[in-house]
There are 6 protein chains.
Amino acid sequence: MPYVNIKITRDGATAEQKATLIRGVTELLQVVLDKNPATTVVVIDEVDTDNWGIGGESVTERRKAGR
Amino acid sequence: MPYVNIKITRDGATAEQKATLIRGVTELLQVVLDKNPATTVVVIDEVDTDNWGIGGESVTERRKAGR
Amino acid sequence: MPYVNIKITRDGATAEQKATLIRGVTELLQVVLDKNPATTVVVIDEVDTDNWGIGGESVTERRKAGR
Amino acid sequence: MPYVNIKITRDGATAEQKATLIRGVTELLQVVLDKNPATTVVVIDEVDTDNWGIGGESVTERRKAGR
Amino acid sequence: MPYVNIKITRDGATAEQKATLIRGVTELLQVVLDKNPATTVVVIDEVDTDNWGIGGESVTERRKAGR
Amino acid sequence: MPYVNIKITRDGATAEQKATLIRGVTELLQVVLDKNPATTVVVIDEVDTDNWGIGGESVTERRKAGR
């Protein structure tokens, strides 16, 4: 019954990679906490680099500056 | 003053359907908990089926497999 | 398969009221968007009034001021 | 180490405005709570006006009605 | 730089189990998407069973009914 | 009309500090994006250090290790 939300920058993750994340995190919750995979929900949000900040800067700015 | 976030797969919900959800959940909070509708905020996120997982699979995979 | 998160201030909502919210929002999603209630997840967060702000003030401050 | 999520309606906020929000909220957390800006994460979600409700109506409806 | 939020019912997960979840999901994001573990943030929310609904019922109700 | 969620570790932030955060972020959204403070909602979540991970470790573990 867990709910997992994964937020990443929008950088071209493929459908296969996202399916691997979904499978992996669902298995992890089953192995560690015996959670039923049938009702484990995973939602992936891909966020534009203008809209993601770390260290007080957007990721767009950081990449331009080579950080 | 409540805040409600509704996440659904992106499957063509119309503006009218989404307005009906907003009205319905706002009324529900007023009826059940006497919450002021004027400051009830509802945000609907529509999520690509590649980015939504249940049962360890993405919804895209499940639909291909007829699940 | 929808996921709904309802945030309200912690003001003594009873288990029955919360169960009514869960049932109501699940039915709303079934009626409006034909979503399967069996996999509709609802999570209610009750938030201390010190930790909820509106109009630039915490709800604790607003209530003290009679707003 | 804080995580901040800012949700606004999609109304043409520029990359510069979003960078200003990211810088501002990161500084605020440093000044008020001495949080390390290097690990402060800010995610901005821009939401279509059909998908944002307040007062039981979508923002699209409210604007049409001049509210 | 990913941000992951895991919501589970409050059922006595230990500090060790939660640390295992944090390590596991951080590694998964490194392996699948080459994300830097140093800036991967994981937040676990434990939710009372009165506040978690599935199938239109709270988990408290479901357990009482043997579901 | 913005909605802001701030997550921090539970480390004794006072009601005054949280009120300062609420006021500050509400003003920031008014100054930068001309958002109406009257309907800006801010929710602060304080998270136990066992439940917050960064760098693949819980904050509890990091502090024990002097990181």
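These remarks concern the structure in this document. (Residues numbered from 1 in each chain as written. Chains lettered and ligands numbered in written order. Predicted model: local features only at pLDDT ≥ 70, side-chain atom pairs only at ≥ 80, totals over all residues. Heavy atoms only, no water.)

Concerning the interface of chain E and chain A
Item 1. Taken together, the contacts link 25 residues of chain E with 25 residues of chain A.
Item 2. Each partner contributes to the roughly 2,200 Å² buried at the junction of chain E and chain A, and carbon and sulfur atoms together form 78% of this total.
Item 3. Sorting the residues of chain E by area buried against chain A places Met1, Val32 and Leu33 of chain E first, and these three jointly supply 24% of that buried surface.
Item 4. Where chain E touches chain A, the interface holds zero salt bridges.
Item 5. Counting across the chain E and chain A interface gives seven residue pairs in polar contact (both at pLDDT 80 or more).
Item 6. Listing elements by their share of the side of chain E that touches chain A, those giving two or more residues are strand 1 (3-9), helix 1 (15-33) and strand 3 (52-54) of chain E.
Item 7. Of the residues forming the side of chain E that touches chain A, the biggest block, nine residues, is contributed by helix 1 of chain E. (Contact = heavy atoms within 4.5 Å. Buried area = accessible area lost by both parts, 1.4 Å probe. Salt bridge = Lys/Arg side-chain N within 4 Å of Asp/Glu carboxyl O. Polar contact = N/O pair within 3.5 Å; in protein donor to acceptor, adjacent residues only side chain to side chain. Helix = DSSP H or I, 4+ residues; strand = E, 2+ residues; numbered from the N terminus.)

Section: the pattern of salt bridges
Working definition: two side chains of opposite charge can pair if their charged atoms are close together.
Residue and element names in this part refer to chain A.
Item 1. The final tally for this structure, using the stated rule, is 36 salt bridges over all chains.
Item 2. Here Glu57 ties to Arg62 by a salt bridge, and the two come within 3.5 Å at their closest N and O atoms.
Item 3. Take Arg62: its relative accessible area is 22%, and that puts it in the partly exposed class.
Item 4. Overlapping salt bridges bring together Glu57, Arg62 and Arg67 as one network. (Buried < 20%, exposed > 50% of the residue type's maximum accessible area, 1.4 Å probe, protein only.)

Topic: the interface of chain E and chain C
A common way to state how big an interface is: give the accessible area lost once the parts meet.
Item 1. Contacts between chain E and chain C engage twelve residues on the former and 16 residues on the latter.
Item 2. In total, about 1,100 Å² of surface goes out of reach between chain E and chain C, with carbon and sulfur atoms giving 54% of it.
Item 3. Between the two partners, chain E and chain C, sit six residue pairs in polar contact (both at pLDDT 80 or more).
Item 4. When residues of the side of chain E that touches chain C are traced back to their parent elements, those giving at least two are strand 3 and strand 4 (57-58) of chain E.

Details of the relation of the copies chain E and chain C
Item 1. Superposing chain E onto chain C requires a rotation of 120° together with a translation of 0.0 Å along the rotation axis, leaving an RMSD of 0.0 Å. On this basis, the relationship between the two copies can be described by a three-fold rotation axis. In terms of C-alpha distance to the rotation axis, chain E has Asp45 of chain E as its closest residue, with the C-alpha 5.8 Å off the axis. (Least-squares fit on C-alpha atoms with pLDDT ≥ 70 in both.)

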